[in-house]
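Descriptive structure summary
Take a look at the letters that make up each chain.
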Amino acid sequence: MAESDTEHLDHDLVRRVQQGDTAAFDLLVRKYQHRIAALIGRYIRDWSECQDVAQDTFIRAYRAIGSFRGDAQFYTWLHRIAVNTAKNHLVASNRRPPTDDVEIEDAEHFDSAIRLRDNDTPERELMRQQLEQTVMRAVEALPDELRTAITLREVEGLSYEEIAQRMDCPIGTVRSRIFRAREAIDVELAPLMDNETASRRAVR
C-alpha cells in the first residue's frame, strides 16, 4: 500500500470515529499499538509501564480526536501525544524525562528502513488489511452486550469496575463478556494467523 493510501485509510477511519464509530478507532489502535509501545520504550524501560502509558496515549487520542483536522498524518499527531504522555508519566513519577525527544522524522525513517528491508511488504500489507477487516466484521457481529463491553475496555480504556457501572451488571459478568468477545474475535482471526504462519515457514 502506498504512503498516500495509508494516509487516506487513516483519515477515513478518523472520520468514522468522529461520527461515532468506535470500532474504527479499534482498528487504528491495532494498527499503531506496537509502534507507539516501541516509541514509549525509548523513554520508559519497564515493559508493563510502557503498556500502561501506551493505553493512556490511545485514551487521550480518542478523547481528543474530535480536534484532528487532517492537516498532518494521523501517526504524526499520535506520535506527539505519545511523547507528551510518556514525559508527563515520568514527571508524575518524579523521574526526569530526556531532554531530547524522539523526532517523528527519525521514527518514520526507522520504520521506512524496516519496510525497505522487508521483501514481502505487499503481502504483509495485504495481510494487515485482511486482519483489520476481519476484526471489524467480528466486532460488528458480536451480540450488543459483548460488543459494548469489549469497546468500553479496548477503545475507551475503562476499568472493569467502570464498565460494570456503565452496563449496570456485576464485574464478573463484565469479565465474562470481554473474555467471550476476545474469544470470538480470535476464532475469526485464527485462519488468517494460520496462513501467515504457514507462509513464513514456506519462506524459510
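Quick notes on the rules
- Sequence order sets the numbering: in each chain, residues are counted from 1 along the sequence as written.
- Side-chain atom pairs in this predicted model are given and counted only at pLDDT of 80 or more, local residue features only at pLDDT of at least 70, and totals for whole chains, interfaces and linings cover all residues.
- Note that the side-chain values use all heavy atoms of the structure and ignore hydrogens as well as water.
- pLDDT measures how confident the predictor is about each residue, on a scale from 0 to 100.
- In this description a helix means any DSSP run of H or I spanning at least four residues, a strand means any run of E spanning at least two, and both kinds are numbered starting from the N terminus.
- Any two residues having at least one pair of non-hydrogen atoms within 4.5 Å are treated as being in contact.
- Here, nonpolar core refers to any group of buried Ala, Val, Leu, Ile, Met, Phe, Trp, Tyr and Cys residues whose side-chain atoms link them within 4.5 Å.
- Note on classification: 1.4 Å probe, protein chains only; a residue is buried when its accessible area is under 20% of the maximum for its type, exposed when over 50%, partly exposed between these limits.

**Topic: the confidence of the model for the chain**
Looking at the chain, the pLDDT average stands at 77 and 74% of residues meet or exceed 70. Across the chain, element-level confidence peaks in helix 8 (residues 160–167) with a mean pLDDT of 90 and bottoms out in helix 5 (residues 104–117) with 42. In the model, residues 102–120 has pLDDT below 50 throughout and makes 17 contacts with residues more than four positions away in sequence or in other chains.

**A closer look at the nonpolar core**
The biggest cluster of nonpolar side chains holds 37 residues, and the ones touching the most others in it are Ile36, Ile40 and Phe74. For this core, the secondary-structure elements that each account for two or more residues are helix 1 (3–18), helix 2 (22–40), helix 3 (47–64), helix 4 (74–92), helix 6 (121–141) and helix 9 (171–203). Element by element, the count of residues in this core is highest for helix 2, at ten residues. When residues no more than four places from it in sequence are discounted, the contact partners of isoleucine 36 are Ala54, Thr57, Phe58, Tyr75, Leu78 and Ala82. If you look at the next biggest cluster of nonpolar residues, it comprises 14 residues, including Ile150, Ile163, Val174 and Ile178.

**Observations concerning unusual backbone geometry**
Positioned with a positive phi, aspartate 168 is a non-glycine residue whose angle comes to about 55 degrees. Position of aspartate 168 among the secondary structure elements: in the loop between helix 8 and helix 9.

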